[in-house]
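Fold and contact review
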Amino acid sequence: PEYVEPAEPGDDDLLVDEEDIPGDDAIDEANDITFDAGSDDLIDFKFDGTDGLVTDIDGVDNGDITWTQVDDTTIIGEINGETAITITLTPPADNNGTIPAGETGNVSVDVTLTGPFPHPEGQGENSVDLGTVNVIASDQDGDSTIAPVQVTVVDDVPMAISDVAMFTYRLWSL
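What counts as what
By convention here, each chain's residues receive numbers from 1 onward along its written sequence. Totals for whole chains, interfaces and linings use all residues, but because this is a predicted model, local features are given only for residues with pLDDT of at least 70 and pairs of side-chain atoms are given and counted only at 80 or more. Side-chain metrics rest on all non-hydrogen atoms present in the structure, leaving aside hydrogens and water. In this scheme Phe, Tyr and Trp rings, the latter by its six-membered ring, pair at centre separations within 6.5 Å, and the angle between planes marks the pair as stacked below 30 degrees, edge-to-face above 60, and tilted otherwise. Secondary structure elements are taken from DSSP: a helix is a run of H or I of four residues or more, a strand is a run of E of two residues or more, and numbering for both begins at the N terminus. Whether a residue is buried, partly exposed or exposed follows from its accessible area with a 1.4 Å probe, protein chains only, as a fraction of its type maximum: under 20%, in between, or over 50%, in that order. Only buried residues count toward a nonpolar core. Its members are Ala, Val, Leu, Ile, Met, Phe, Trp, Tyr and Cys residues joined through side-chain atoms within 4.5 Å. Any two strands are treated as partners once DSSP identifies two or more bridges connecting them. Residue contacts are defined here by distance: any two heavy atoms, one from each residue, within 4.5 Å place the two residues in contact.

1. So, the packing of aromatic side chains
- A full pass over the atoms with the stated rule returns one aromatic pair.
- A ring pair is formed by Phe35 and Phe45, whose centres lie 6.2 Å apart and whose planes are at 45°; its orientation type is tilted. With a gap of 10 residues between them, Phe35 in strand E3 (residues 27-36) and Phe45 in strand E4 (residues 42-47) connect regions that are remote in the sequence.
- Accessibility expressed as a relative area gives 0% for Phe35, which makes it buried.

2. Brief notes about the nonpolar core
- Counting residues in each nonpolar core, the largest one holds 31 residues, and the members touching the most others are Phe35, Ile85, Ile87, Phe117, Leu130 and Val135.
- The set of elements that each furnish at least two residues to this core consists of E3, E4, strand E6 (74-79), strand E7 (82-90), strand E8 (104-113), strand E9 (126-139) and strand E10 (144-155).

3. A word on the pairing of E6
- Here E6 lies mainly inside the structure; five of its six residues are buried.
- Sheet topology places strand E5 (residues 66-71) next to E6; five bridges connect them, and they run antiparallel. Within E6, the residue paired with Trp67 across the bridge is Gly77.
- Between the end of E5 and the start of E6, which pair antiparallel, lie two residues.
- Two elements, E6 and E7, share six bridges in a ladder whose sense is antiparallel. Pairing of Glu78 across the sheet is with Thr83, part of E7.
- Taking the residues between adjacent antiparallel strands as the criterion, E6 and E7 are bridged by two residues, where Asn80 takes a positive phi near 55°.

4. Some points on the environment of Ser138
- Its place among the elements puts Ser138 in strand E9.
- Overall, the relative accessible area of 12% leaves Ser138 in the buried class.
- Residues Ser138 and Leu42 lie 96 residues apart in sequence; the distance between their C-alpha atoms is 5.5 Å.
- Other than its neighbours up to four places away in sequence, Ser138 contacts Asp41, Leu42, Ile43, Asp44, Asp143 and Ser144.

As structure tokens, then:
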């Protein structure tokens, strides 16, 4: 099996913006990860743990976020005992969740941000690099390959707003 690197570097990266959390709602971002099956079907897709994810995100060495791999396809991050982020892996939708031998297929990695993050030192918005989670794809013989996925949160800051009506448009490309 083989992980197929994206045509553009960083296309496997996932970026969620804390500013987009409206009230108590969650925001999410998903990316497809592409694998070539090789001579055997790819039959198993899972995360390889939380070792690549960081725990200190505000610059003060106190372990701001606690990561737990709930099962092979779900990782949660808790801040102050509350779930703030969930990373979910979804196997291919076709072929009973497999990628047949000789074919290319996708799995999906989804990041859902459900709560605010501690702010790193500095002014304005900060990008918080949460590290990397690896997706392992294995074939029926036990051969496997790994696809790294970088997770980043754009951490917003409080903003004073005048009584004048204001519209803000934010554009960026992922």
